[in-house]
Amino acid sequence: MPEAVLQSQSLSRTYRSGGRDLTVLKDITFSLEPGGFLAILGPSGSGKTTLLGLLAGLDRPSTGSVYLDGQELGLLSEDERARLRGEKIGFVFQAFQLIPTLTAQENVQVPLELRGDANAAPRARELLERVGLGGRGHHYPAQLSGGEQQRVALARGFSSRPRVLFADEPTGNLDAATGATIIDLMVELNRDLGTTLVLVTHDLDLAARARRTIRLADGRVVADTAA
Amino acid sequence: MSVALFVLRMAARELRATPRRLFLLTGTVAVGVAALVAINSYTDNLQDSVRQQARSLLGADLSLMSRQPFSPRVEALLDTLSRSSPSARVTSFSGMAYVPRTAGTRLVQVAAVAGRFPFYGQIRTEPRGAWTELQAGRHIVVDPSLLTALGARLGDTVSLGEARFVISGTIQSAPSDVGFRFAFGPRVYIPAKYLPETALLGFGARVQYEAFLKLPARVSPQALADRYRAALMPERVRVRTVAEDQRNLNDVLSKLTGYLGLVALIALLLGGIGVASAAVVFIRQRSETIAVLRCLGTTAGQVFMIYLVEAGAMALVGSVAGALAGVGLQRLLPRLLAGFIPVDVIPAVSWGAVAIGIGTGVLVGVVFAALPILAVRRISPLSALRRPFESESPPRDPWRLVAALALVTSTVALARLQVGSWRQGAIFAGAVGVALLLLWAAAWALVQVMRRWLPERWPYVWRQGLANLHRPANQTVTLVLAIGFGAFLLGTLYLVQYNLLRQLRLTGGPARPNLVLFDIQPDQLGAVERELKAAGLPLIGPTPIVPMRISSVNGRPVAKLLADTSQTGEGRSNAWVYRREYRSTYRDSVVPSERVVQGKWWRPGDRGAGRISIEQDLARELRVGLGDEIVWDVQGIPVTSKVASVREVDWARFEPNFFVVFAPGTLEDAPRTFVTLTRVASAADRGSFQRRLAERFPNVSTLDLSMLQEALERLVDRVALAIRFMALFSLMVGALVLVGALASSRFQRVREGALLRTLGATRGQVFRVVLAEYLSLGLLASAVAVVLAAVAGWAVARFLFDSTFSLPVLPMSALAAAIVLLTVVVGLSNSREVVRRAPLEVLREE
């Protein structure tokens, strides 16, 4: 078995809310091989999004550690984690989260420009082509439909050739048919680019497309298809 | 490099997408920059003009000046010098001009000219040629205001002392000094050869003797001045060169324009507050974008830089626009400041001032925006996924302290750039800071009070309108700051001006003496007193005046003291206290305008010889205290004195006040003149009395205090007008900040209006809610501003001008009303949409 691209070891996260401690995640341990496709499944409030935030280095665990490509995220400063995100991580959000003041093309270009890619523009055009939005690069997010926006977000997520792409309910704001095409695209890109996919959802059908499923309830892993 | 490129590119994209309304706030920077460029550009023009015209201001390369006729040694030196260089003499003094035809009299400043003065520049007269013809006969060239005052015309005969002259022309323009030297009377020029005929240079007259030299090009006036200065110092001769004159004049003028620049800077700083409040709103709107950028790998520092660069770019746009406007405005300033600027100012664009203005505008924009933009560092990338928990707010950002420090340092540095001193820059920044803090605290407190104790019984529209002042994300405090500061500034200026003029009028008030008779010789005193009695006029005085000079202080001869001060270079003012002529008096009682602060006043009838009471500032300058010995030269006779007391003197009173008062028993036999005060109620009677006096006693001068008072009032009004003009910019910035704040919360307001109407409110009610809000905002701002202005005005009057304070209720109420009106008008005109748009249309926009 190749070395894991993503590893979670005894991960816990506790917040203070309303004056009391609230443990959202308890002792999560798993590892994921490169090129894999993991779905994290669970009802709302089960800790899915918190886990995603920790795995992607957006947040620090209360205890335990996350390794990305063998690097422990907890040892990095916020700025170092930001740089790591820029290099190795892509995101797709439920609410698309395109930057409203940038065109589709510019949205896709941001991660490339951030790392100083001289070919940012042609590469972004190519990716938009890939998600079927070749002629729409100059449109602003507000001028695109929900499905189109999510496709732009997908192109952005993959633009920097991340090691891992995190998707948080990527079809949550879309109708079933549009959602399905988005997932098709993700699977296709996963296959072609070898990017590891981590998908968070409460949709069982969607989770069924993944090669592996981890089920969360009350902040604990209750089922893992790889186990 | 690539990171910098990314930051610039993102900033450019954000700028492109920035709502147009935010550009309104760059307008606030523009207004401040306009004011600053106008005043600084004008200052540069002024200095250019001084440089070009300094030689004609002095009229020569070098001048020697003394309060007494030049000694034989000085005359010998002048003889030597004039062998190779043309020279001229001007003798200046004051006297009464009397025109028999119209029976008009007026105190004038006489300059008796010998030689072809001036060597540089020219005195323009009407008719032309009157100046060159001056020496051709018994001619007198006068200031045009004298003709008006005396009802005289060209060709009339004027008597000056015992001599008579024919008015041959009026002065159209002549180089002169700064300030109000001519407040004591219009200037007139006569040929020096007829000077003895006037008999006005008798004992006790204040005369200034001046010799002017035009040096050959190869001789450096400064080198010459430096060579002879030490030798001339003990002769009590002051040497002036063009370079020194220019330096002194520039010092005085740049102080004046520097202070005006500070007022302009206040407008710019208020603009900075506008920018900061815009940045707060903007960052709040952009928080999601920022979280996403962070997810995509942008560091907190990079995000900060993106928005800081954007703020800088917006400030640049505003500053360039402002600089353009300032170049236009600059043309107004010469007109505002005419009257106390001695040179002709030729307006020209000063690129230096434009560059400094733009740089200052950008700096202010950036340092004021930096603090709110630092909030981007607290936006977690996690918030792109979900709302953050309360425990996730990061600890206090140490960079905030850095940003605050940058803000304070920049303010002090900018102020220093205007006034040229770190100390004054810091005082300015401190004063502005305290005023802003007080405004802020007052606004905050009032908002709190309104929130807690808003009466339930008040009508709904009022409660709703007032509630808008403390709703979440309100901008009440910013608006009170922005509007209130302008009002505070105008209010304070008005109060200071009002109280200065009030004091002038009080001292010139009814029952106060308004006519000063001076240079009365001892043998004339009885006759003058009889004249006053015959006219039924009160007689206050007579006060004896004995002219004297210092010959030694505590045993050190003045020549040595003067040589010391010239060596240490401790400022000319210090030398002046040793060189000047003192006009002292003697009496046995303390007068109301003075107070003994050290030592004891002598008891009446206690005739101890040689005791003096000295004014406290002079005591400090001379470095003498109780018991110290000063020997005076009274017309060649040494008179020894001991300091018995030190007094504080209120110089602002139009009364004969003295630096040095002798105890009776020392000066009674010294040569002296007398001053007498009287009061003549009507101007016509004053005129006829002065005329009678001029006919009978040509050497006795009368100073009409009401005229002096008018001249001073004109001067105060003029300065106040210039300052107020600059202060208006602050008010303009306040109004712009209001417009900007309303624009940035426009959507929320329109939506609320629509909701209210959906719930059954009529348009009239919605209108009244909006009205209530701006009315209370305006009232809040103006109330706080007026109260603070009253405090500041009182402090200035009490501590700076040492006078009493009175609050003019009506004008201050008018100012407050104007501020309220401005707020309401600006508020309502920017809220038309709230009332006008159909509810459904608005709610659908969601």
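Look a little higher up for the structure.
Since the structure is predicted, the reported quantities are computational estimates derived from the model, not experimental observations.

Calculation criteria
The residue count restarts for each chain, going from 1 along the sequence in the order it is written. To read the labels, note that chains go from A and ligands from 1, taken in the order they are written. Side-chain atom pairs in this predicted model are given and counted only at pLDDT of 80 or more, local residue features only at pLDDT of at least 70, and totals for whole chains, interfaces and linings cover all residues. To qualify as a helix, a DSSP run of H or I must reach at least 4 residues; to qualify as a strand, a run of E must reach at least 2; elements of each kind are numbered from the N terminus. In this scheme the burial state of a residue depends on its C-beta neighbours within 10 Å: 20 or more other such atoms mean buried, 12 or fewer mean exposed, and anything in between means partly exposed; the C-beta positions come from the backbone. Contact between residues is assigned whenever the C-beta positions, reconstructed from backbone atoms, fall within 7 Å. Radius of gyration here uses only the C-alpha atoms, and the compact-globule reference equals 2.2 Å multiplied by the residue count raised to the power 0.38. Two strands are counted as paired when DSSP detects at least two bridges linking them. In this analysis an axis means a line fitted to C-alpha atoms, helices contributing only their contacting stretch, and an angle means the value between N-to-C directions, from 0 to 180 degrees.

Caption draft 1: Up close: the overall build of chain B. Across its full length, chain B holds 26 helices and 21 strands. Taken along the three principal axes of its C-alpha coordinates, chain B extends 100 × 65 × 60 Å. Of all 846 residues assigned to chain B, the portion counted as buried reaches 45%. Summarising the internal contacts of chain B: among those between residues at least 6 apart in sequence, 86% fall at separations of at least 24.

Caption draft 2: Quick peek at the overall build of chain A. Of the regular secondary structure elements, chain A holds seven helices and 10 strands. Taken over C-alpha atoms, the radius of gyration comes to 17 Å for chain A, in line with the 17 Å a tight globule of 227 residues would show. For the C-alpha atoms alone, the extent of chain A along its principal axes is close to 50 × 45 × 35 Å. Within chain A, buried positions represent 49% of all 227 residues. Nonlocal contacts in chain A, meaning residues at least 24 apart in sequence, comprise 70% of its contacts between residues at least 6 apart.

Caption draft 3: Seen up close, unusual backbone geometry. With an omega of -5°, the peptide bond between Phe117(B) and Pro118(B) qualifies as cis. Looking at the secondary structure, you find Pro118(B) in the loop between strand S3 (104-114) and strand S4 (124-126). Put simply, Glu126(B) and Pro127(B) share a cis peptide bond, and its omega is -5°. By the secondary structure assignment, Pro127(B) is in the loop between S4 and strand S5 (139-142). With a phi angle near 55°, Asp69(A) is a residue other than glycine that sits in the positive phi range. By the secondary structure assignment, Asp69(A) is in the loop between strand S4 (63-68) and strand S5 (71-72). When the 15 C-beta atoms within 10 Å are taken as the criterion, Asp69(A) is described as partly exposed. Here Ala103(B), not a glycine, exhibits a phi torsion of approximately 60°, which is positive. With respect to the helices, strands and loops of the structure, Ala103(B) is situated in the loop between strand S2 (87-99) and S3. With 16 C-beta atoms counted inside 10 Å, the residue Ala103(B) sits in the partly exposed group.

Caption draft 4: Just the environment of Thr702(B), in detail. Residues and elements named next belong to chain B. Its place among the elements puts Thr 702 in strand S21 (residues 701-704). Given 24 C-beta atoms within 10 Å, Thr 702 falls into the buried group. Taking the C-alpha atoms as reference points, Thr 702 and Phe 689, separated by 13 residues in sequence, lie 9.8 Å from one another. If near-sequence neighbours (up to four positions away) are discounted, Thr 702 is found in contact with Met 96, Leu 107, Leu 515, Val 516, Leu 517, Gln 690 and Leu 693.

Caption draft 5: Up close: the sheet that holds strand S2 (residues 20-32) of chain A. Residue and element names in this part refer to chain A. Within the open sheet, the four strands sit side by side as S2-S1-S4-S5. Their pairing is antiparallel. Looking along the sheet, the strands with just one partner apiece sit at the ends: S2 and S5. As paired elements, strand S1 (residues 6-17) and S2 share nine bridges and run antiparallel to each other. Bridge pairing links Thr 14 to Thr 23 in S2. Contacts between helix H1 (residues 48-55) and the sheet are confined to S1, S2 and S4, with S1 contributing the most and set at about 120° to the helix.

Caption draft 6: Main features of the sheet that holds strand S8 (residues 196-201) of chain A. Residues and elements named next belong to chain A. With mixed pairing, the six strands of this open sheet are ordered in space as S6-S7-S8-S3-S9-S10. Whereas interior strands pair on both sides, the edge strands pair on one side only; in this sheet they are strand S6 (89-92) and strand S10 (220-224). Across this sheet, the average inter-strand angle for adjacent strands is 20°, counted without regard to direction. In this sheet, S8 lies alongside strand S7 (residues 164-168) in parallel orientation, the contact comprising five bridges. In the strand pairing of S8, Val 164 is matched with Thr 196. On the sheet, H1 packs against strand S3 (37-41), S7, S8 and strand S9 (212-217) and is oriented at approximately 155° with respect to S8. Strand contacts of helix H5 (residues 146-159): S6 and S7, with the helix running at about 170° to S6, the strand carrying the most contacts.

Caption draft 7: Local environment of the environment of Thr225(A). All names here are of chain A. For Thr 225, the location among the structural elements is in the segment after S10. C-alpha separation for the pair Thr 225 and Glu 72, spaced 153 residues apart in sequence, amounts to 25 Å. With residues near it in sequence (within four places) discarded, Thr 225 still touches Arg 212 and Thr 213.

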